[in-house]
Amino acid sequence: MAGYSLNLPIQLKQKVQEYATQQGISIDEFILWAVAEKVGQLSQQFDEARFPEITYYRGASGQLVPVLRGTRLRVQVVVVASQKWGLSSNQIALEYGITEKQVNESLAFYAAHREEIDEAIASEQTLEAANV
């Protein structure tokens, strides 16, 4: 790994130290993770302008998964809550600590990407059934 000298404004450095300490990691690790996350966000080729609340996250399997931006809450979770559990947008928002706008955009994203989301839901249901 290449070294890099970085001069941070004092207030920013204090915040970085505070958050790194809370997470039990070094400042270097915190900055590395923060930069890696930002590069990942900027590298997302899949984001659609018509769904600004939705982005993709690369899961442990390496698959790209549509999530609510800044939450990692999968779109498919919102869809299941709406369709399978019959929750309203308001109930889903309260249950997951998100806004109704985010719920509605997730459902609109689902309408535009139904096959992709249905496939993810079916795959997860198959895995759950195998583990029972």
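Criteria and cut-off values
Residues numbered from 1 in each chain as written. Predicted model: local features only at pLDDT ≥ 70, side-chain atom pairs only at ≥ 80, totals over all residues. Heavy atoms only, no water. Helix = DSSP H or I, 4+ residues; strand = E, 2+ residues; numbered from the N terminus. Polar contact = N/O pair within 3.5 Å; in protein donor to acceptor, adjacent residues only side chain to side chain. Contact = heavy atoms within 4.5 Å. Axes fitted to C-alpha atoms, helices over the stretch in contact; angles between N-to-C directions. Parallel < 35°, antiparallel > 145°, perpendicular 65-115°, else oblique. Nonpolar A, V, L, I, M, F, W, Y, C, P; charged D, E, K, R; others polar. Buried < 20%, exposed > 50% of the residue type's maximum accessible area, 1.4 Å probe, protein only.

1. Here's the deal with the side chain of H113
Link 1 in the chain: Its place among the elements puts H113 in the loop between helix 5 (100-112) and helix 6 (114-130).
Link 2 in the chain: Engagement of the side chain of H113 in a polar contact is seen with the side chain of E48, the distance being 2.5 Å.
Link 3 in the chain: If sequence neighbours within four positions are ignored, H113 has contacts with E48, R50, F51 and Y56.

2. Observations concerning the packing of helix 3 (residues 75-83) against helix 6
Link 1 in the chain: At a closest axis distance of 10 Å, the pairing of helix 3 and helix 6 adopts a crossing angle of 80 degrees. Here helix 6 runs roughly perpendicular to helix 3, going by the angle between their axes. Contacts between helix 3 and helix 6 pair V75, Q76, V79, V80 and Q83 from the former with R114, I117, A120, I121 and E124 from the latter.
Link 2 in the chain: Partitioned by chemical class, the residues of the contact of helix 3 with helix 6 number six nonpolar, two polar and two charged.

3. What to know about the packing of helix 3 against helix 5
If you want to describe how two helices pack, look at the angle between their axes and the distance between the axes.
Link 1 in the chain: It is the contact of helix 3 with helix 5, at a shortest axis distance of 9 Å, that shows an interaxial angle of 95 degrees. With respect to each other, helix 3 and helix 5 are oriented roughly perpendicular. Residues V75, V78, V79, S82 and Q83 of helix 3 lie in contact with helix 5, whose contacting residues are V103, S106, L107, F109 and Y110.
Link 2 in the chain: The class makeup of the residues in the contact of helix 3 with helix 5 is seven nonpolar, three polar and no charged.

4. Concerning helix 3
Link 1 in the chain: Counted residue by residue, helix 3 has seven buried out of nine residues, so it is predominantly covered.
Link 2 in the chain: Among the residues making up helix 3, those that are buried are V75, Q76, V77, V78, V79, V80 and A81.
Link 3 in the chain: Of the surrounding elements, those touching the buried residues of helix 3 are strand 1 (54-58), strand 2 (64-68), helix 4 (89-96), helix 5 and helix 6.

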